[in-house]
Amino acid sequence: MHGNGHNEPMRIGFYVCHCGHNIATIVDVKALAEYVKTLPGVSISREYKYMCSDPGQELIQKDIREHSLNRVIVASCSPLLHEHTFRTAVEKGGLNPYYFQMVNIRENVSWVHTDTKAATEKAKDLARAAVQRVFHHKALETKHVKIHPDVLVVGGGIAGIHASLTLANAGKKVYLVERQPTIGGHMAMFDKTFPTLDCAACILTPKMSQVKNHPNITLWTYSEVSKVDGYVGNYKIAVKRKPRYINEELCVGCMDCIEKCIYKEGKTPDEFNVGLSKRKPIYIPFPQATPQIVVIDRKTCIEFKSGRCKKTCIEACDRKAIDFTQKEEIKEIEVGTIILTTGYQIFDASRVPFYGYGKYPNVYTSLEVERLVNASGPTGGELILRDGRHPKTVGIIHCVGSRDKNTNRWCSRTCCMYSLKLAHLLKEHTDAEVYNFYIDIRAAGKSYEEFYDKLLDENVHFIRGRVAEVSDWAVRPSEEGKLIIRAEDTMIGIVRRVPVDMVVLAVGMEPQADSQDVRRMFNISCSTEGFFLERHPKLAPVDTFTDGIFIAGACQGPKDIPDSVAQAGAAAAQALTLIDTGEIELEPNTAFVVQEECSGCRTCLTICPYNAISRDEAKQKAFINEALCKGCGTCVAACPSGAIKQNLFEDEMIFSEIDGLLKMEQSACC
Amino acid sequence: MKYLSFPGCSLRSTGRAYEESIVAVAKALEIQYEELKDWNCCGATSYVSIDEMDAFALAARNLALAELQSAEGTINLVAPCSACYLVLSKTERYLEDYPNVSANVNAKLNKAGLHYNGRVEVRHPLDVLVNDYGLENIAKRIKYPLKGLKVACYYGCQVVRPFSKFDHSHYPVTMDKLVQALGAEPVDWPLKTRCCGGSLTGTTQEAGLRLNRLLLKEAQKRGADIMVTCCPLCQHNLECYQERINRIYKEKIELPVAYFTQLIGVALGLSEKELGMQRLFKKPSLEHITHPKGEMANAW
Amino acid sequence: MLLNANLEKKKTMSTIIEQEKNTNGWEPRIVAFFCNWCTYTAADLAGVSRLRHAPNARIIRVMCSGRVDPQFILDAFSKGADGVLIGGCHPGDCHYMEGNYKALRRMQLLKRMLKDMGIEEKRFRLEWISASEGERVKTVINEMTEQVRVLGPLGLPKKFKDWDKELESLEQAVHGEEEAVHV
């Protein structure tokens, strides 16, 4: 419907919001309202303390009825915040919501300028521009798009697992895609979790098992999303299933094939044990891997390198589950919403060479130590160092790679707590002297501070000072053969040398290495550090700027398990809101071709990234498929005839805005 | 590529061997190494503590002179002494980043008919030899590979901090790579960039001696036959007080300390006199390398 | 001493601002077209973070920098803008995939046209500013305001009026002569 109000005289209602002190202290709202009243077409010009409040909205509705307003303008905060609020209010007042325009005089004016005179002048310019723009507004219908009920969850760590279970239990069909051969993520690698010291595998594996057995969850491990098309409610996803060379239906995880592999022992660094042990080319990541299916690594398996392996694995398997001819498979699915729970990677400690990681064998990262103390780890839970010794003294260095201009500026939030946990576990396993070198102790969660107190009672030594270096330079005979940690103990004001047998680096959390590629594929943004960007850090932490796509867990920012689970639940709830409403409103800012004006030049055909424009060969004119159009307006600007118009952003509207912004200048100088 | 050399005061006095060896090596490698005409003292670390702007002007005079002495384009001004290197680098950086410093300093320079236009890049000979000239090219010209020689590379602090222009500020490797290319074995030790005390050996001697003792003792403990440095004050501190250190601290330190350029010169087959080897307090025994008689001797 | 250098730097900048301000109170007028997803969001972020900057830019929101028709820019200059700024997403990050590339292509051509018209290069600027770069919005607006201030007012509306008057008087002169000839 493209009706317009050009035939009737303008009756504009203009409202200036004080926003408490936020706008009114810098912009002279009274003068602004009075000025706007003098502009042609303005019937009402008011100022009010809080336009977005109920009385504020009712004021608009009352005026619409009583004064037969046919346009409404509100000068207040950012349209990104309240455009929807006011459009709804206008609609309730009986006027088409698209006859509304918003002027941003808070984020763009009162919050960033201190000169009240200049700010008020700017507000007047912006208001005048809006008054001229609304003349060209047309009555439009909100687009409604159906939401497909299925959900895609990308990433099978604790956040992905929880989100999938929540949605599946709500009766929705979930595709959980995970690129490792098993779900579980980083949590599966931990020994115990703070502060309860629950065994991580014990609390995780029941959930993993639920995922496997849930009728509503399709679990695709060793798989990656390769293509994303479509829009909210109607995503078309291609998932690449990498070949395990094992028939998933037949394998029962007995692991006979692994035992009989021609490699007598593993030669490839085991990823699950962070390289502390070796695995064979045929392996299962860890005993409780889900699905409990073996995988053959094509990069290290002899059969793929030379084609002449005896294939003792095939002999060993009495279920005939091994299939070297398996190929990569592309699965295409349709979902309505997507939740990204791709997690994090740890900071690479070799970037801080003065801590000796990679140089001295007994310097470990925290993740390596998690595996060392784990009963199912490479040393069976016994704390044996790389040189075979048992440590009698251990130094744990906090903030490795974090809170530092030279590496990562942010605090990784979990390291203090897990360092305390490791201190406790190390003392439990070895009775060694443990020294924690910290800058601050961040123990903000429930029972976290109490956990810290407990450690003080366990005689863990805490030294407040950022460690300068770890070296093997011995000054006294007692330091021979040890690693010396040098740090200033800021509480007592001296530089200390602490000789230890083992150094543990509390490495920080970073975005995954391919997070930029992933976010481009899903068309969301990242914040400056590289974590996925949330729509609002306080009020919308799991939404993204792309409708229908949600984020949860460490991919949004460093966080611990309870927060990841909470966000996963939140994301699932957001997805459910969309699915259960069944449809979503989209802004009707699509483009359309005025066929009489189209010259058939074809310039627009290749411009659209969504292939929404096609050519009607019979009429020799361009035609835009409204369902595919996302409203970017590129074709509008490209059309040489000006035949393509964009709802809500028509050329006339923008030209009148430009004119309105500059009018005063024209009259001033001439 | 042509390089302008800024010798600085030390290379004309206690650090004479450094200049002699660098000039000899440059000649042998056919590197154009021309002295900056009418250069003046860079002001070192002392002047800048008194008056920053004047200190910049003093150092900048050299930069302006360098521009006069060269054709258009970027000028590579090589400062072997680490303190000169740092002072000149800092001056170059500040003149580039801060327009008011540039205005102030150029106003002073203008009074002497000079002006600095920002074309100079201050380089260290270690950087030039390893990164510009290239280790493969040096290796091609080696006459006597320094086989079996264990070398502790000492960088000191000023070439790597605060500006780490050509190497890592905590774990530099340029000199170690050079030593390896010469056929010797660099000793891996953690005190490569630990301070030698600078002028403390002159002012608060006990502090200076203590620092040097730690460096020498560790290098010797790790099996070094010789230590090489790239700074004349470091060389002086490390070499000249070993008897005193042994007396006070009851140590048995006996470690020759030379300039890295002297080591290059030995490997290239240059004469002792050319490299200023006679100026070293403790002459390293390198005859088995420079005058090999059949099998290489194992130890000294 | 580094602190002193920084203070000196700031003082020098503000003296420049003071000097220019005292030219009959003229302030640069900059029209900015910001894309909804990146630059407009960044401008909002600058607001939320209270990053104070020059009040000389007036923002027009568009969904994508690809929507910006070169005619808008020419229109803005002809109506009295002293500078025009376009803000879009970084290449590769456009919410609509490629809109910013199209904007880039158009603006390269437009820049050459503007040059031929005698409009100084610094009056027109295309910037890539992502949603989290509030600081950059402040820097770019401040920088551009100062650069345009140094260039002075473009004053096209007045120039158009003057040229119109010139043409009118020329017309009259010719008309007068024609009459004379006929007579």
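Just so it is clear, the structure is predicted and the values come from calculations on it, not from any experiment.

*Asks:* So what's going on with the overall build of chain B? Which residues, and what values?
*Replies:* Check the secondary structure of chain B and you find 14 helices and 8 strands. Taking 2.2 N^0.38 as the reference for a compact globule, 300 residues should give roughly 19 Å; the C-alpha atoms of chain B span a radius of gyration of 20 Å, in line with that estimate. The burial tally for chain B puts 56% of its 300 residues in the buried class. Nonlocal contacts in chain B, meaning residues at least 24 apart in sequence, comprise 77% of its contacts between residues at least 6 apart. Surface accessibility of chain B: about 13,000 Å² in total, with carbon and sulfur atoms responsible for 52%. Each charge sign in chain B was given a centre, from 36 positive and 33 negative side chains, and these centres are 5 Å apart.

*Asks:* Requested: an account of the state of the cysteines, with residues and values cited.
*Replies:* Inspection of every chain in the model, using the stated rule, returns 1 disulfide over all chains. Of all cysteine sulfurs in the structure, the one in C17(A) sits closest to C19(A), which takes part in no disulfide; the separation is 5.2 Å. Cysteine C157(B) remains unbridged, with the sulfur of C195(B) as its closest cysteine sulfur at 4.6 Å. Overall, the relative accessible area of 27% leaves C157(B) in the partly exposed class.

*Asks:* Kindly report on the packing of aromatic side chains, identifying the contributing residues and their values.
*Replies:* For the structure shown, the criterion picks out 21 aromatic pairs over all chains. Pairing Y245(A) with F304(A) gives two aromatic rings, centres 4.5 Å apart and planes at 50 degrees, and the pair type is tilted. Here Y245(A), found in the loop between β12 (234-241) and α8 (256-260), pairs with F304(A), found in helix α9 (residues 302-306); they are 59 residues apart in sequence, far enough to count as distant. A relative accessible area of 23% means that F304(A) is categorised as partly exposed. One Lys or Arg, K90(B), reaches over the ring of Y94(B) and ends 5.7 Å from the middle of that ring. Between R93(B) and the ring centre of F163(B), over which it is positioned, the NZ or CZ distance is 4.2 Å.

*Asks:* Give a detailed account of helix α3 (residues 70-78) of chain C, specifying residues and quantitative values.
*Replies:* Taken as a whole, α3(C) has its buried residues at F72(C), I73(C), D75(C), A76(C) and F77(C). Directly after α3(C), the chain includes G80(C), whose backbone phi takes a positive value near 125 degrees.

*Asks:* Can you break down the sheet that holds strand β2 (residues 57-62) of chain C residue by residue, with the values?
*Replies:* Each strand in a sheet pairs with its neighbour through backbone hydrogen bonds, running either in the same direction (parallel) or in the opposite one (antiparallel). Residue and element names in this part refer to chain C. Read across the sheet, 4 strands follow the order β2-β1-β3-β4 without closing on themselves; strand pairing throughout is parallel. If you trace the sheet from one side to the other, it starts and ends with β2 and β4 (124-128), each paired once. The sheet shows a mean angle of 20 degrees between the axes of neighbouring strands, direction not considered. As paired elements, strand β1 (residues 30-35) and strand β3 (residues 83-88) share 5 bridges and run parallel to each other. Counted as the bridge partner of F33 is I86 from β3.

*Asks:* Give a detailed account of a nonpolar patch on the surface, specifying residues and quantitative values.
*Replies:* A cluster of nonpolar side chains, M491(A), I492(A) and I494(A), forms an exposed patch at the surface whose accessible area comes to about 330 Å². Position of I494(A) relative to the elements: it lies in strand β26 (residues 494-500).

*Asks:* Residues and numbers for the interface of chain B and chain A, please.
*Replies:* If you look at the interface, chain B gives 12 residues, while chain A gives 12 residues. At the boundary of chain B with chain A, total buried surface from both sides reaches about 1,100 Å², with 52% on carbon and sulfur atoms. Viewed at the interface, chain A and chain B are joined by 4 salt bridges. We note a salt bridge from D472(A) to R222(B), for which the minimum N-O separation is 2.6 Å. Classifying every residue of the side of chain B that touches chain A gives 4 nonpolar, 2 polar and 6 charged.

Calculation rules
Residues numbered from 1 in each chain as written. Chains lettered and ligands numbered in written order. Predicted model: local features only at pLDDT ≥ 70, side-chain atom pairs only at ≥ 80, totals over all residues. Heavy atoms only, no water. Helix = DSSP H or I, 4+ residues; strand = E, 2+ residues; numbered from the N terminus. Rg over C-alpha atoms; globule rule 2.2 N^0.38 Å. Buried < 20%, exposed > 50% of the residue type's maximum accessible area, 1.4 Å probe, protein only. Contact = heavy atoms within 4.5 Å. Areas by Shrake-Rupley, 256 points an atom, 1.4 Å probe, with all protein chains shown as cover. Lys, Arg positive; Asp, Glu negative; His and termini not counted. Charge placed at Lys NZ, Arg CZ, Asp CG, Glu CD. Disulfide = S-S within 2.5 Å. Phe/Tyr/Trp six-rings, centres within 6.5 Å; stacked < 30°, edge-to-face > 60°. Lys NZ or Arg CZ within 6 Å of the ring centre and 35° of its normal. Pairing = 2+ DSSP bridges. Axes fitted to C-alpha atoms, helices over the stretch in contact; angles between N-to-C directions. Patch = residues over 30% accessible without salt bridge, like charges linked within 9 Å, V, L, I, M, F, W, Y side chains within 5 Å. Salt bridge = Lys/Arg side-chain N within 4 Å of Asp/Glu carboxyl O. Buried area = accessible area lost by both parts, 1.4 Å probe. Nonpolar A, V, L, I, M, F, W, Y, C, P; charged D, E, K, R; others polar.

None of this, on its own, says anything about what the molecule does.
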